[in-house]
Every structure is written in structure tokens, then in C-alpha cells.
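Summary of the model geometry
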Amino acid sequence: MEQKRKVVIYSLFLSFLFLLIGTKSSPIYPINDWVDANAFFTMGKGLMNGLVPFKDLFEQKGPILYFIYGIGYLISNRTFFGIYLIEVLSFTLSLIYFYKILKLYEREKQFYPAAPFLLAILLTMPSFTHGGGCEEIMLPCFFISFYHFLYLIKDKNYLKEGTKIYFYEGILVGIILWTKFILLGFWIGWVFFIGILLVISKQYKKIFSIIFAYLFGMILVTIPILSYFWITGALVDLLDTYFYLNIFIYPASESLIPFLDRLILLGKIFCENMNINSIYMFTLIIGLIAFLRDKKVIKRWMKLGIVILFLFTFFFNYIGLKSHLYYFFVLSPFVILFGIFVANLCEKVKMPNKYFTLFLIPILWIFVYALNPNTYFIGTKKESLAQYQFADIMNKEKNPTMLYYGNIDGGFYTIADILPTEKYFEKANIEYSAFPEMEDSQNKVIQEGKVDFIIMRVKEERDSNLIVVPYLYRNYKIVKEVSQRFEEIDFKYILFQKRSSL
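Attention in this report is confined to the structure presented alongside it. (Residues numbered from 1 in each chain as written. Predicted model: local features only at pLDDT ≥ 70, side-chain atom pairs only at ≥ 80, totals over all residues. Heavy atoms only, no water.)

Broken down by element type, the protein chain carries 21 helices and four strands. Computed over the C-alpha atoms, the radius of gyration of the protein chain is 24 Å, within 12% of the 23 Å expected from 2.2 N^0.38 for a compact globule of 502 residues. Along the first, second and third principal axes, the C-alpha atoms of the protein chain reach 80 × 50 × 45 Å. Here the protein chain, with 502 residues, has 56% of them falling under the buried criterion. For the protein chain, the share of sequence-separated contacts (at least 6 apart) that also reach a separation of at least 24 residues comes to 76%. Summed over all atoms, the accessible surface of the protein chain reaches about 22,300 Å², with 64% contributed by carbon and sulfur. (Helix = DSSP H or I, 4+ residues; strand = E, 2+ residues; numbered from the N terminus. Rg over C-alpha atoms; globule rule 2.2 N^0.38 Å. Buried < 20%, exposed > 50% of the residue type's maximum accessible area, 1.4 Å probe, protein only. Contact = heavy atoms within 4.5 Å. Areas by Shrake-Rupley, 256 points an atom, 1.4 Å probe, with all protein chains shown as cover.)

In C-alpha cells form, the structure reads like this:
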């Protein structure tokens, strides 16, 4: 029990320390300006204030993510401090299961020096982006399933183990299904390989009991979600937006590409992302080679399961051929292989673990500070940012309403603590030809002067008085402009206020 407590406290300490500089959700940052994270926050805020996802507010991720962000909103309604605590919890749970993985191979004593290496690699991946991403918050699900997978194939435990693990896996799959179903590639590979092992072993009766336990776990997660949307009259909205739109509308332009060409493009996407995440690539190769060569780990042919997990995870994540920078973080759990390599290496270091660890932590913390993609933003003054300047203006009005036009949520709803009054409170990355309703609805808001403020983001060089949006200048006037850099691009944020004559 004492050892478990030490592992939990140490994991919590490391996560708190490294995420303090690693994520923009941290209190030392002026704001998390990532558009996706702010969209999730606004959805969570709406959920906690009685608005129904997909019916009253439009966004594309799953309801579990909005519920998690809603908890963050309840902790701190104008900042990402609550999300920071959730991120800390996510990494803490992931490290605890990394410890359990090392324990499988009798390397648990090396957890203390190996854990900060794991965090350093994760937090220096460019695909970590700003912090608060879906892939990051779901990280514990991947680590837990990774542990279950390695446990089952080690010493052929899939022959000895009952259905409990598969029930837990069903719960994890249910969580992922209702958070971001495209991440399920990892679990499809998991089921595929373990299923093959069971069939080869002629465990036919056991397979049926496993399927039942797996489905039971999924159903336990699914029932309360479907019940909520049924009670609120939004079940059709859920299925139409979360599944139909994401599967058939969002990747519409790529859906007609032939299979062979699709594979070539997937290979190109893989190479480009591995090149961008070069430190991860280097450590992955080292970890994978060391794992596959280690005769003490598991039988050689069973190591094929790790390769299958990796390929399935990548393939299903990019099957729609969409490639945003943060997508690649779904492959971050495979850094576990490098963590095992580090643990094995640490056994050869004569210095006692506690002294070696005390030496490593500050070195790796500095390493993260130097190479993390977010640390440039530390020290930025809040008053210099458009989000705070616009909030000061809007909050002078009683119960102000606003619309963020033409782009994904820029954090203005968050900082001003304004609840959207329009379903399309932002513009998601969907082509107009595929889904015109979103842009048409936003244009109608401007035409009818339905909100007090309109906020737009345009390229820095663009003339603010020449924006082509019907009825914009007739119904609204410019009251503030702020130049601000986001993701290495110079933008100009413009605040429009409704004319008093309306």
C-alpha cells in the first residue's frame, strides 16, 4: 500500500510540475488561445447552463468531452484552470499505468527515473499543440488498454484471464466512442489481435462470454448518454451531427479518392507527421527496436501485436485524410516502448535511483521548457490580448450577447463569460458547399442584428472596412481592433458593436 501511495504522489507531482509549463491551460499562461479547446469549453459551459449539445449548440466532438469541459468550467468559469487540473489528472493516471506496465516486466524500481522521460517526450511533441486536446484528455484510456494488452499477451494470460478485463475494456471503448470515435482504431487493433489469439487457441466458448462482457461495458456507458439526449428531445440531433455529419459531410471532398491513392496519401501523411515530431520518431524507433529484440519480454510473434496496434491506430485516425497537427498525438501512447527501454537502461546505472531521479527531473523540465511548442506564450500580458480587451468593452453592457463569426471559437466567450445565444456560435472547419446552414445562419444573425457584438478574425493586412459580409456595416460599427499572433500567423481581431439605431 505504501508503494502505491508513493507512485500516485510522485505521478501527481510530475504531472503538475511538467504541465505547469507544458499546457496553455496552466495558470502561468494568460489564456489558452487554442480555438478547439475554447470551442469545447463553450460547449461545456452551455451544457452546464441547460443548453443541449448538437440541438442548441453546434460542435463536432462527443458529449463526454463536453461533460469533462463542463466540469472544468464549474471549477473556473473564465479561465482554463479547471481544465489544467483535469489534464494533470489525465497524465497522473497515465503514469500510474506506466508503472503497472513496468511492473509486468519487473522494472517497477526504474519507474521513478523513467517517468520524467516519458513526460518530456509527450510534452515536446509539436502535435501536443496548445493543451487540452481530446487525445490528451483520453490518454489514460490508451495507457490502461496498453497495460491490459501487454498483460494478456505476456505468458499467454489471455488463456487464463476471465472476462473482467474485457468488461473494463468495453467501458473504455464506450468512453472513446462518445468522445471522439475516430480514436477507436487502437481498440479495433486490440480486439483484432486478441481475437486471433483466442481463435487460434480454440477458445470458442470463452469468446462468446468475452463478447458479452465487452458489449456490457459499452452499453453501461452508452445508456445514460442516449437517455439524456432522448429526454431532451435531441437524440436525432446527436446521431445526425456526431455520426452522420462527421462520417459523410466533414470529409466529403476526400470520400471519392480510390483506395490505392488513399494508401499513398496516408503514407505521405505519416512521413510528414513523423518528420514534424522528430524527437518522438527517434524515441519510437529506439523503443520499438528494443522491445522487439528483448527476448525476456514476450515471444517474438506476439510482438506483432504492438505493430498491429500502431498501424490500426494510425490508419483509422487518418482514414478521412484530414491531417491537423494535433491528430498525431493519438500515437503518443507508443512512447511507452521508449519508457520501457529507459527503465532497462536505468538498471545499468550504478547511481541509486533517488539521486539519479533528482538529477534528471530539473534537466528534463528545462528540456521541456526549451522545446515545448507553447512556452513562447509565457510572460505575455493579459491586457495585450484581444480576448481581455474585448471582454472589458462587452462586459460594460448588461447581459451582452455576441457571435464569433467565420472561425472556430477564439476564446472570447470564455474570457467575457458570455453564453452563446446562437446554435452556430462559431464556424467549424466544414466547406460551405457541404454544409451551408452554418454560414447562412451566422449571416442571418448579422442581417437581423440579433446580437450586441460581432467578433471577426482576419489576416493582419486586410482592410477592416472592406469585409464582404451582407448588412455588416449597416447594422454594426467597429469599436476596437487588436493585432495578435496565433499559430505563427499575424491576425487582426475586430470587435463590432450593434448600432444604437437598431
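Let us look at unusual backbone geometry. Even without glycine at this site, Glu106 takes up a positive phi of about 55°. Looking at the element boundaries, Glu106 is found in the loop between helix H4 (81–104) and helix H5 (111–123). Under the relative-accessibility criterion, Glu106 is labelled exposed at 65%. Of note, Asn399 is a non-glycine position whose phi angle comes to about 50°, a positive value. As for its placement among the helices and strands, Asn399 is situated in the loop between helix H18 (386–394) and strand S1 (402–405).

A separate point is the packing of helix H3 (residues 63–75) against H4. Two numbers describe how H3 lies on H4: the axes approach to 7 Å, and their chain directions differ by 125°. Classed by the angle they form, the pair H3 and H4 counts as oblique. Between H3 and H4 the crossing geometry is right-handed. In this structure, H3 uses Ile68, Tyr69, Ile71, Gly72 and Ile75 to contact H4, whose residues at the interface are Phe81, Gly82, Ile83, Leu85 and Ile86. (Axes fitted to C-alpha atoms, helices over the stretch in contact; angles between N-to-C directions. Parallel < 35°, antiparallel > 145°, perpendicular 65-115°, else oblique. Left-handed = near helix turned anticlockwise from the far one by under 90°.)

A few words on the pattern of salt bridges. Summed over the entire model, instances satisfying the criterion amount to nine salt bridges. Among the salt bridges present, the one from Lys450 reaches Glu422, with a minimum N-O distance of 3.6 Å. In this pair, Lys450 sits in the loop between helix H20 (436–448) and strand S2 (453–459) while Glu422 sits in the loop between helix H19 (412–416) and H20, placing the two residues 28 residues apart along the sequence. The partly exposed category is assigned to Lys450, whose relative accessible area is 42%. By relative accessible area, which is 12% here, Glu422 ends up buried. (Salt bridge = Lys/Arg side-chain N within 4 Å of Asp/Glu carboxyl O.)

In terms of nonpolar packing, the biggest core is built from 174 residues, with Phe111 and Tyr280 touching the most fellow members. Looking at this core element by element, the count peaks at 12 residues for H4. The residues touching Tyr280, leaving out its near neighbours within four places in the chain, are Ile121, Met125, Met274, Phe310, Phe328, Leu331, Ser332, Phe334 and Val335. (Core = buried A, V, L, I, M, F, W, Y, C linked by side-chain atoms within 4.5 Å.)

We now examine the packing of aromatic side chains. This structure, assessed with the given rule, holds 60 aromatic pairs. Taken together through their ring pairs, the aromatic side chains of Trp34, Phe142, Phe146, Phe186, Trp187, Phe270, Phe310, Phe314, Tyr318, Tyr326, Tyr327 and Phe334 make up a single cluster. Against the face of Phe377 rests Lys24, its NZ or CZ located 4.8 Å from the ring centre. Over the ring of Phe491 we find Arg457; its NZ or CZ atom is 4.0 Å from the centre of that ring. (Phe/Tyr/Trp six-rings, centres within 6.5 Å; stacked < 30°, edge-to-face > 60°. Lys NZ or Arg CZ within 6 Å of the ring centre and 35° of its normal.)

As a further point, take the side chain of Glu135. Tracing the sequence through the fold places Glu135 in helix H6 (residues 134–137). The exposure class of Glu135 is buried, given its relative accessible area of 3%. There is a polar contact of 2.6 Å between the side chain of Glu135 and the side chain of Lys180. (Polar contact = N/O pair within 3.5 Å; in protein donor to acceptor, adjacent residues only side chain to side chain.)

Next up on the list: a nonpolar patch on the surface. Side chains of Phe67, Ile71, Ile75, Phe81 and Leu85 sit close together on the surface and give an oily, nonpolar patch of about 410 Å² of accessible area. Residue assignment for the nonpolar patch shows that the elements contributing at least two residues are H3 and H4. Element by element, the count of residues in the nonpolar patch is highest for H3, at three residues. Among the secondary structure elements, Leu85 is positioned in helix H4. (Patch = residues over 30% accessible without salt bridge, like charges linked within 9 Å, V, L, I, M, F, W, Y side chains within 5 Å.)

Sheet strands pair by backbone hydrogen bonding; their relative direction is either parallel or antiparallel. Across the sheet, four strands lie side by side as S1-S2-S4-S3; this open sheet has mixed pairing. The sheet terminates laterally at S1 and strand S3 (476–486), the two strands that pair on one side only. On average, adjacent strands in this sheet sit at an angle of 20° to one another, irrespective of strand direction. (Pairing = 2+ DSSP bridges.)

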